[in-house]
Amino acid sequence: MPPPSSSAPPQRSFPLGSEELLSSSIEIKTAPADFRFPTTNQTRHCFTRYVEYHRCVNAKGEETADCEKFAKYYRSLCPAEWVDKWNEQRENGTFPGPL
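A brief report on the enclosed structure follows. (Residues numbered from 1 in each chain as written. Predicted model: local features only at pLDDT ≥ 70, side-chain atom pairs only at ≥ 80, totals over all residues. Heavy atoms only, no water.)

**Regarding the packing of helix H2 (residues 43–60) against helix H3 (residues 68–77)**
Look at H2 against H3: their axes get within 8 Å of each other, and the N-to-C directions meet at 150°. Overall, the two elements H2 and H3 adopt an arrangement that is roughly antiparallel. Seen from above, H2 lies across H3 with left-handed handedness. Residues His45, Cys46, Arg49, Tyr50, Glu52, Tyr53 and Cys56 of H2 pack against Phe70, Ala71, Tyr73, Tyr74 and Leu77 of H3. Looking at the contact of H2 with H3 residue by residue, the class counts come to nine nonpolar, one polar and two charged. (Axes fitted to C-alpha atoms, helices over the stretch in contact; angles between N-to-C directions. Helix = DSSP H or I, 4+ residues; strand = E, 2+ residues; numbered from the N terminus. Parallel < 35°, antiparallel > 145°, perpendicular 65-115°, else oblique. Left-handed = near helix turned anticlockwise from the far one by under 90°. Contact = heavy atoms within 4.5 Å. Nonpolar A, V, L, I, M, F, W, Y, C, P; charged D, E, K, R; others polar.)

Below, the structure written as structure tokens:
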């Protein structure tokens, strides 16, 4: 059995450049709480935020910054597979929601 080593913790080695990544602060946000969706199941919340975003874009145009908050909300709540499917349905004119 090897002799006990000093009490200093082992040094971690990180790939080059990862020190900067570890020291930089990353801010992660999700949609704020919405009293219309009090339960833990966020399916309706996700769908509503997706519809709100596209209604905003239809009303104000693609280039407006006013709609960006809705985009952030639905992107943080909705699975990518759902968004892909809904985008495809919108393109085909078969999306079930009110836009």
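**A few points about the nonpolar core**
Membership of the largest hydrophobic core comes to 16 residues, with the highest contact counts inside it found for Tyr50, Tyr53, Tyr74, Cys78 and Trp86. The set of elements that each furnish at least two residues to this core consists of H2, H3 and helix H4 (80–92). A per-element tally of this core places H2 first, with six residues. Setting aside chain neighbours within four positions, we find Tyr53 in contact with Glu62, Cys67, Phe70, Ala71 and Tyr74. (Core = buried A, V, L, I, M, F, W, Y, C linked by side-chain atoms within 4.5 Å. Buried < 20%, exposed > 50% of the residue type's maximum accessible area, 1.4 Å probe, protein only.)

**Describing the packing of aromatic side chains**
On inspection of all chains with the given rule, the structure shows nine aromatic pairs. Centre to centre, the rings of Tyr50 and Tyr74 are 5.1 Å apart; their planes meet at 80°, and the pair counts as edge-to-face. Residue Tyr50 is found in helix H2, and its partner Tyr74 is found in helix H3; the two are separated by 24 residues along the sequence. Neither residue differs from the other here; Tyr50 and Tyr74 are each classed as buried. Relative to Trp86, the ring of Trp82 has its centre 6.0 Å away and its plane inclined at 50°; by these criteria the two rings are tilted. With a gap of four residues between them, Trp82 and Trp86 both fall in helix H4, about one helical turn apart. Classification of Trp82 by relative accessible area gives partly exposed; the value is 34%. Through successive ring pairs, a cluster of aromatic residues spans Phe47, Tyr50, Tyr53, Tyr74, Trp82, Trp86 and Phe95. (Phe/Tyr/Trp six-rings, centres within 6.5 Å; stacked < 30°, edge-to-face > 60°.)

**With respect to a negative patch on the surface**
Together, Glu81, Asp84, Glu88 and Glu91 make up a negatively charged patch on the protein surface. As for its placement among the helices and strands, Asp84 is situated in helix H4. (Patch = residues over 30% accessible without salt bridge, like charges linked within 9 Å, V, L, I, M, F, W, Y side chains within 5 Å. Areas by Shrake-Rupley, 256 points an atom, 1.4 Å probe, with all protein chains shown as cover. Salt bridge = Lys/Arg side-chain N within 4 Å of Asp/Glu carboxyl O. Lys, Arg positive; Asp, Glu negative; His and termini not counted. Charge placed at Lys NZ, Arg CZ, Asp CG, Glu CD.)

**Focus: the side chain of Arg49**
Assignment of secondary structure puts Arg49 in helix H2. A relative accessible area of 8% places Arg49 in the buried class. A distance of 3.2 Å separates polar atoms of two side chains, one belonging to Arg49 and the other to Glu52. In contact with Arg49, not counting residues within four places along its chain, are Pro32, Asp34, Arg36, Phe70, Tyr73, Tyr74 and Leu77. (Polar contact = N/O pair within 3.5 Å; in protein donor to acceptor, adjacent residues only side chain to side chain.)

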